[in-house]
Amino acid sequence: MAVGILGEKLGMITWFDAEGRALAATVLYAEPSVVTQVKSVETDGYNAIQLGYGKVKEKNVTKPLQGHFNKAGVAPKRVLREFRVENPQEFKVGQELSVTLFQEGELVHISGISKGKGFAGVMKRHDFLGGPDSHGMSKWHRRPGSIGSIRATGRTFKGWRMAGHMGHERVTVRNLKILKVYPEKNVLIVQGAVPGPRNGILEIRKAA
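As the structure is a prediction and not an experimental result, all values here were calculated from the model. (Residues numbered from 1 in each chain as written. Predicted model: local features only at pLDDT ≥ 70, side-chain atom pairs only at ≥ 80, totals over all residues. Heavy atoms only, no water.)

Moving on to the pattern of salt bridges. A full pass over the atoms with the stated rule returns eight salt bridges. Ionic pairing is found between lysine 39 and glutamate 82, a salt bridge with its closest N-O pair at 2.5 Å. Here lysine 39 is found in strand E3 (residues 33–39), whereas its partner glutamate 82 is found in strand E5 (residues 77–84), with 43 residues between them in sequence. Exposure remark for glutamate 82: the relative accessible area of 30% places this residue in the partly exposed category. The closest approach of N and O atoms between glutamate 106 and lysine 206, which form a salt bridge, is 2.6 Å. In this pair, glutamate 106 is assigned in the loop between strand E6 (96–97) and strand E7 (107–113) and lysine 206 in strand E12 (residues 201–206), connecting sequence segments 100 residues apart. The class of lysine 206 is partly exposed, set by a relative accessible area of 22%. Each of Arg81, Arg170, Glu203 and Arg205 takes part in one network of salt bridges that share partners. (Salt bridge = Lys/Arg side-chain N within 4 Å of Asp/Glu carboxyl O. Helix = DSSP H or I, 4+ residues; strand = E, 2+ residues; numbered from the N terminus. Buried < 20%, exposed > 50% of the residue type's maximum accessible area, 1.4 Å probe, protein only.)

If you want it as structure tokens, here you go:
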């Protein structure tokens, strides 16, 4: 359980380190996240803080959420996410968490929703080999093959890897190194790639 902040993916760049090596890096924009609720074992059954991120017009917020934000005394936020913490008493409603939470050289875990790829077959979606390209194999080059026996159960078991919707699911990339922190610009630069499209919302957590 490690505290973190919310941010957005701006895009990827080439970063040159002190030794002149070219590294693939991602630029993240993370304006301060606001604590909108503090949860504890006594009141909610678990320890966590709820963070709000991004600006949104009040007319575009539902009535229940308007009441939630008014109770917390904070402006409406576009995104709400929870972060599990060990000591929720260390946080207060209305407190802001920014990129100053991190230091250069530190490792972070980043979670987000991956890019949607639409409907895909088993070779693209699950890396199946497909059928032979010759030896009389007609119209079977990209098919999955057998999906079960009719003699044993007479049905196909759940969870079988098949063609379907690819992507657009929660993905976590672990132990990404922070290359640079720009507190005045609310910008983080991390080594490697992170999930999701540009401007996608990300959860940036300290590595345990």
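The structure having been displayed, the exposition proceeds.
With respect to the secondary-structure elements, glutamate 203 resides in strand E12. The exposure class of glutamate 203 is buried, given its relative accessible area of 6%. One polar contact links glutamate 203 to arginine 170, side chain to side chain, over a distance of 3.1 Å. Here the side chain of glutamate 203 touches arginine 205 through a polar contact of 2.8 Å, side chain to side chain. (Polar contact = N/O pair within 3.5 Å; in protein donor to acceptor, adjacent residues only side chain to side chain.)

Taken together, the side chains of Lys115, Lys117, Lys124 and Arg198 present a region of like positive charge at the surface. With respect to the element layout, lysine 115 can be found in the loop between E7 and strand E8 (116–120). (Patch = residues over 30% accessible without salt bridge, like charges linked within 9 Å, V, L, I, M, F, W, Y side chains within 5 Å. Areas by Shrake-Rupley, 256 points an atom, 1.4 Å probe, with all protein chains shown as cover. Lys, Arg positive; Asp, Glu negative; His and termini not counted. Charge placed at Lys NZ, Arg CZ, Asp CG, Glu CD.)

Another point: the sheet that holds E6. One open sheet accounts for four strands, arranged E5-E4-E3-E6; its pairing is antiparallel. Either end of the sheet is taken by a strand with one partner, and the two such strands are E5 and E6. Note: E3 against strand E4 (residues 48–55), five bridges, orientation antiparallel. Across the sheet, valine 38 pairs through a bridge with isoleucine 49, a residue of E4. (Pairing = 2+ DSSP bridges.)

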